Amino acid sequence: MSEESTAADRACEENPGQFDTLVNLAKRRGFIFPSAEIYGGIRSTYDYGPLGALMLRNVREAWWQTIVRERDDVVPIEAAIITNPKVWEASGHLETFADPLVDCRSCHERWRADEIGGVCPNCGSADLTEARPFNLMFKTFVGPVDDESAVAYLRPETAQGMFVNFANVMTTMRRKPPFGIAQLGRGFRNEITPGNFVFRTREFEMMELEFFVPPAEAGRWFDYWCKERLAWYEKLGIRKDRLRFYEHAPEDLSHYSSATTDIEFAFPWGWGELEGIANRTDFDLKAHSTYSGVRLECFDQLTGERYIPHVIEPSAGATRAMMAFLLAAYDEDEIGGERRTVLRLRPQLAPFQAAVLPLSKKPPLDALARDVLHRCQIALMCEYDDTQSIGRRYRRQDEIGTPFCVTVDFDSLNDQAVTIRERDTTNQVRVPISDVVSELQDRIRS
Ligand code: GAP
């Protein structure tokens, strides 16, 4: 057995029922709900509840921090989801963005041929139709007339928004390669077999960077981005042995790519892609130059020549990454002889960074606790919980990954201090109310 498969196996062995437990926790605690559940839902479509919305926002923010805010060579855009359909003609999506579809002649289920090894997973029959290409783009109509001239598509990737705006961005921001354009947003794919919770859904969130480089530098930047992106997942709490690189064989590359390396995570069912880093060469800019008639090129002042830059693209799924962060953080341990479930999320990913817990919901403690809450809320996302025993409240916060609980007790009225309790160690320290925010911020940063 290879070292890599043992990491995935270990992820299952450590907690074989972890996946179901996590899906259950996500629903029970308000992270992720089946979409429109009161109408029976719609297959493999999910809504992000209050905690999910907070956490997804933190995942986006963590990406934005390293890709946009901490760099001076990347600028962001927000492009339209429904755009001119010529974009998808030029990009090759209309012709080639398809999966091989087969029908089972026995039970009439539909499958992706490349995923089932010739046997229907539903009934076990090998009596399948010939595989035929099924385009994954969602079609719609723009305006009141639904004829062919009004056809448009929901974007299957955000990347094309960066390519079609290349010249506008380069000119308005006075950039020259190497530089990147970054975008976060929803992508839509009519997946044949969505599943494994939010791993593969038809609507999902992407975090993409198109990094434009002089062609001779493409190899170096490709290696650079592979390392940078792997480090991002590690920094946010995924253990090294649950991550690996997977290099695509030449015959498996997408139509636009000359090299692709995926960052994979050991999901409970095996290794799965979190992010793909692709060398898209000059494929997209060339194609859009041809189709639009607008030259998408740069000028090299040293050689006096015009050239089309190559593109290195780290492309990640925010919703899929959120699920991986949840799985990596899930743990069960024992505190004072009692079992507890704890999400060991990095503070910047946790839905709440702190919970303020007064020992009594009555005056005068409630007013002091509200004062502590208002101080903390300015800097951190906080929850206020004044119901049930303090032990139960700690467990509730542990289960949703809140790294710090701030307990306001009767002594607080006299000493103007509170207790900060740390999720992972359950250690407690007493700090003056005037220092509570800076104390929490220091702990979150460390
Ligand atoms: N522009 C390149 C591109 O779209 P991709 O590998 O097809 O590449 C990038 O998608 C990332 O988006 C994937 O690594 C994955 O994290 C996420 N992703 C793709 N399809 C998805 C789906 N149906 N549901 C959830 N996430 C998805």
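### A short note on the nonpolar core
Of all hydrophobic cores here, the largest spans 60 residues; its most connected members are Phe31, Tyr233 and Phe325. In terms of nonpolar packing, the next biggest core, distinct from the first, is built from 22 residues, Ala354, Leu373, Val418 and Ile420 among them.

### Let's talk about the site of the ligand
Glu157, Arg189, Thr201, Glu208 and Glu273 are the nearest of the 21 residues found near the ligand. One nitrogen or oxygen atom from the main chain of Thr201 is found 2.7 Å from a nitrogen atom belonging to the ligand. The contact in question runs from a nitrogen atom of the ligand to an N or O atom on the side chain of Glu313, over 2.9 Å. Within the complex, 91% of the 550 Å² of free accessible area of the ligand lies under protein. Put simply, the parts of the chain that give the shell around the ligand at least two residues each are strand S10 (203-213), strand S13 (270-281) and strand S16 (310-317). Looking at the shell around the ligand element by element, the count peaks at five residues for S13.

### Some thoughts on the sheet that holds strand S5 (residues 110-112)
If you walk across this open sheet you meet the three strands as S5-S4-S6, and the pairing is antiparallel. This sheet does not close on itself; its edge strands, each paired only once, are S5 and strand S6 (132-135). Here the average twist between neighbouring strands, direction ignored, is 50 degrees. Examined bridge by bridge, strand S4 (residues 98-103) and S6 share four bridges and lie antiparallel to one another. Following the sheet pairing, Leu101 is matched in S6 by Arg132.

### Section: the packing of aromatic side chains
Scanning the model with the defined rule gives 17 aromatic pairs in all. Taken together, a centroid distance of 5.3 Å and an interplanar angle of 75 degrees make the contact between Phe19 and Trp269 edge-to-face. Taken as a pair, Phe19 in helix H2 (residues 18-28) and Trp269 in the loop between strand S12 (259-267) and S13 lie far apart in primary sequence, 250 residues in all. Residue classification places Phe19 among the buried positions, given a relative accessible area of 18%. Centre to centre, the rings of Phe163 and Phe212 are 6.2 Å apart; their planes meet at 90 degrees, and the pair counts as edge-to-face. Of the two residues, Phe163 is situated in helix H7 (residues 159-164) and Phe212 in strand S10; the sequence distance between them amounts to 49 residues. Look at Phe163 and you get buried, because its relative accessible area is 0%. A network of ring pairs unites the aromatic residues Phe19, Phe199, Phe265, Phe267 and Trp269 as a single cluster. Positioned above the aromatic ring of Tyr384 is the side chain of Arg370, whose terminal nitrogen or guanidinium carbon lies 3.8 Å from the ring centre.

### Describing the environment of Val408
Mapped onto the secondary structure, Val408 falls in strand S21 (residues 404-408). For the pair Val408 and Val372, spaced 36 residues apart in sequence, the C-alpha separation works out to 8.3 Å. Other than its neighbours up to four places away in sequence, Val408 contacts Val356, Leu357, Pro358, Leu359, Leu365, Leu368, Ala369, Val372 and Val418.

### Some remarks on the pairing of strand S22 (residues 417-422)
With six of its six residues buried, S22 lies for the most part within the structure. Where burial is concerned, the two faces of S22 agree: the one with Ala417, Thr419 and Arg421 and the one with Val418, Ile420 and Glu422 are both buried. Relative to S22, S21 is paired through four bridges, and the arrangement is antiparallel. Each residue of the ladder has a partner; that of Val406, found in S22, is Ile420. Taking the residues that link successive antiparallel strands as the turn, the S22-strand S23 (residues 428-432) hairpin has five residues, and the phi of Thr426 there is positive, at about 60 degrees.

### A word on the pairing of S10
Both faces of the sheet carry side chains from a regular strand, because those side chains alternate between them. Burial within S10 is extensive, with ten of its eleven residues counted as buried. Of the strand pairs in this sheet, strand S9 (residues 179-188) and S10 are connected by ten bridges, and their pairing is antiparallel. Each residue of the ladder has a partner; that of Gly187, found in S10, is Phe204. Where S10 and S16 come together, six bridges link them in antiparallel fashion. Bridging from a neighbouring strand, Met207 pairs with Ala316 of S16.

Cut-offs used in this document
- Residues numbered from 1 in each chain as written.
- Predicted model: local features only at pLDDT ≥ 70, side-chain atom pairs only at ≥ 80, totals over all residues.
- Heavy atoms only, no water.
- Core = buried A, V, L, I, M, F, W, Y, C linked by side-chain atoms within 4.5 Å.
- Buried < 20%, exposed > 50% of the residue type's maximum accessible area, 1.4 Å probe, protein only.
- Near = heavy atom within 4 Å.
- Polar contact = N/O pair within 3.5 Å; in protein donor to acceptor, adjacent residues only side chain to side chain.
- Areas by Shrake-Rupley, 256 points an atom, 1.4 Å probe, with all protein chains shown as cover.
- Helix = DSSP H or I, 4+ residues; strand = E, 2+ residues; numbered from the N terminus.
- Pairing = 2+ DSSP bridges.
- Axes fitted to C-alpha atoms, helices over the stretch in contact; angles between N-to-C directions.
- Phe/Tyr/Trp six-rings, centres within 6.5 Å; stacked < 30°, edge-to-face > 60°.
- Lys NZ or Arg CZ within 6 Å of the ring centre and 35° of its normal.
- Contact = heavy atoms within 4.5 Å.

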